[in-house]
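Working through the structure, step by step
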Amino acid sequence: AASVAWSASAEESSALVDPLDNCNVVWDSSSKDHNGSMPIGNGDIGMNVWVEENGDLLLLLSKTDAWSENCRLLKLGRVRVSFSPNPFNNALPFLQTLHLRQGEIEIIAGEDEKAITLKVWVDANNPVIHLVAISQSSFDIQAKLEIWRTEKRELAEKEASSAYGVHGGPNPVYVYPDTIVNDQENHIVWYHRNESSIWEDNLRHQGMADLIPRMNDPLLHRTFGGCIVGTDLVTENATTLKSQAPQPLFFLSIHPLCMQTETAEAWLEKLGRSV
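To start, this report covers the structure provided alongside it. Keep in mind that what you see is a predicted model, and the values were worked out from it rather than measured.

1. Concerning the overall build of the protein
Assigned secondary structure in the protein consists of four helices and 17 strands. Looking at the 275 residues of the protein, the share that counts as buried comes to 43%. Of the contacts formed within the protein by residues at least 6 apart in sequence, a portion of 59% connects residues at least 24 apart. On the protein, roughly 14900 Å² of surface is accessible, and the fraction owed to carbon and sulfur atoms is 50%.

Written as structure tokens, this is what we have:
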């Protein structure tokens, strides 16, 4: 059989370049805080992504249906990913790129064989966040869930305006804590569950109480959170996974879920089937 060799000319090669690449967002330094974050998502699940000056990668997680008992759209939580040895030392090369066509964030940091390449994206077809870390040299990784709703507290006046429909009412507005599930081997699992709802009181206030028996409360028992798991990552504690041993490649996935279920156990069962 005959074979044909072909190589593109310079003009033909340039025509193959995706014009959208000219619009990619490129940073050459880490960020001080969340104000220097890069957004990415799939239309339902979203993230703000940034690398802090100390070298930690931060993922601030959101979901379009994570409505609280007070009808506040809440963040799911934040994940802090650390590496050892740390390739993000400020003296080392750093490049963070939002690839628009691929829908991913790529971060390259470090020198020579110790450089680490990270790719972070939200799956377009499944409710899962992916993180891949790869290097020519072996390294350790740690992933830690950070939550701030740790106890019941009253919303301060400057915050209460976010509680649509109850701000300025006669009763205080409370925020309720998230739940960390403690018996998950090599997984991090957490959720926020609405055990109360402002929905009925809002309808009464709006003069629409006759709708209450004819409609379902969209807030009550709404439960949202997720599961974090990774290849060769083991439990350090209920909110932290760490690598068993240094290696040159790690995969981490975050599985957000929001559902209205009769019990928290039913939500956990559904989450387990999705991981």
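2. Regarding the environment of Leu 58
Its location among the elements puts Leu 58 in strand 4 (residues 57-63). Taking the C-alpha atoms as reference, Leu 58 lies 8.5 Å from His 34; in sequence the two are 24 residues apart. Apart from the residues within four sequence positions on either side, Leu 58 is in contact with Asn 48, Val 49, Trp 50, Glu 52, Arg 78, Val 79, Arg 80 and Glu 146.

3. Points about helix 4 (residues 264-274)
Regarding helix 4, the residues found buried are Ala 264, Trp 267 and Leu 271. One face of helix 4 carries all of its buried residues, which in axial projection span an arc of 60 degrees. Facing away from the buried side of helix 4 by over 90 degrees, the exposed positions are Glu 265, Gly 272 and Arg 273. Buried positions along helix 4 lie against strand 13 (188-193), strand 14 (222-230) and strand 17 (247-260).

4. Some thoughts on the side chain of Asn 194
Structurally, Asn 194 is set in the loop between strand 13 and helix 3 (199-205). Only 3.1 Å separates the side chain of Asn 194 from the backbone nitrogen of Glu 69, close enough to count as a polar contact. Looking at Asn 194, its side chain comes within polar contact range of the main-chain oxygen of Leu 219, at 2.9 Å. Once residues within four sequence positions are removed from consideration, Asn 194 is found in contact with Trp 67, Ser 68, Glu 69, Leu 219, Leu 220, His 221, Arg 222 and Phe 224.

5. Focus on a nonpolar patch on the surface
On the surface, a cluster of nonpolar side chains totalling about 220 Å² of accessible area is made up of Val 26, Leu 95 and Ile 108. Along the polypeptide, Leu 95 turns up in strand 6 (residues 94-99). Relative accessible area serves as the criterion here: at 37%, Leu 95 is assigned to the partly exposed category.

6. Looking at the pattern of salt bridges
The final tally for this structure, using the stated rule, is 16 salt bridges. Across the pair Asp 178 and Arg 149 runs a salt bridge, and its minimum N-O distance is 3.0 Å. With Asp 178 in the loop between strand 11 (174-175) and strand 12 (179-181) and Arg 149 in the loop between strand 9 (129-146) and strand 10 (153-154), this pair connects stretches of sequence that are 29 residues apart. In this pair, the class of Asp 178 matches that of Arg 149, namely buried. A salt bridge links Lys 242 to Glu 236, with the nearest nitrogen and oxygen atoms 3.8 Å apart.

7. Examining the nonpolar core
By size, the foremost hydrophobic cluster in this structure holds 42 residues, and its most contacted members are Met 47, Leu 57, Leu 59, Leu 61, Phe 83, Leu 118 and Ile 228. For this core, the element with the highest residue contribution is strand 9, accounting for seven residues. Non-local contacts of Leu 57, meaning those with residues more than four positions away in its chain, are made with Val 49, Trp 50, Val 51, Val 79, Arg 80, Val 81, Phe 83, Ile 107, Leu 118, Val 120 and Leu 131. In terms of nonpolar packing, the next biggest core, distinct from the first, is built from eight residues, Val 181, Val 189, Tyr 191 and Cys 227 among them.

Each value, and the rule that gives it
- Chains are numbered independently. Their residues run from 1 in the order of the written sequence.
- Restriction of local features to residues with pLDDT of at least 70 applies here, the model being predicted, together with a cutoff of 80 or more for giving and counting side-chain atom pairs; totals for whole chains, interfaces and linings are based on all residues.
- The basis for every side-chain value is the complete set of heavy atoms in the structure, and neither hydrogens nor water enter the calculation.
- To qualify as a helix, a DSSP run of H or I must reach at least 4 residues; to qualify as a strand, a run of E must reach at least 2; elements of each kind are numbered from the N terminus.
- Three exposure classes are used, based on accessible area relative to the maximum for each residue type with a 1.4 Å probe and protein chains only: buried under 20%, partly exposed in between, and exposed over 50%.
- Note on contacts: a residue pair is in contact if any heavy atoms of the two residues lie within 4.5 Å.
- The Shrake-Rupley method, run with a 1.4 Å probe, gives the accessible areas here. Residue values count only the displayed protein chains as cover.
- Directions are taken from the helix axis to each C-beta atom, and the arc is the one they span.
- Within 3.5 Å is the distance limit for a polar contact, defined as a pair of N or O atoms, with the added protein rule that one can donate a hydrogen and the other accept it, and that residues adjacent in sequence qualify only through two side-chain atoms.
- For patches, a residue must show more than 30% relative accessible area and have no salt bridge; joins then use 9 Å for like charges and 5 Å for nonpolar side chains, namely Val, Leu, Ile, Met, Phe, Trp and Tyr.
- Salt bridges are counted wherever a side-chain nitrogen of Lys or Arg sits within 4 Å of a carboxyl oxygen of Asp or Glu.
- The nonpolar core is taken to be a set of buried Ala, Val, Leu, Ile, Met, Phe, Trp, Tyr and Cys residues, with the residues joined through side-chain atoms within 4.5 Å.

The quantities given are spatial measurements derived from coordinates; they are silent on function.
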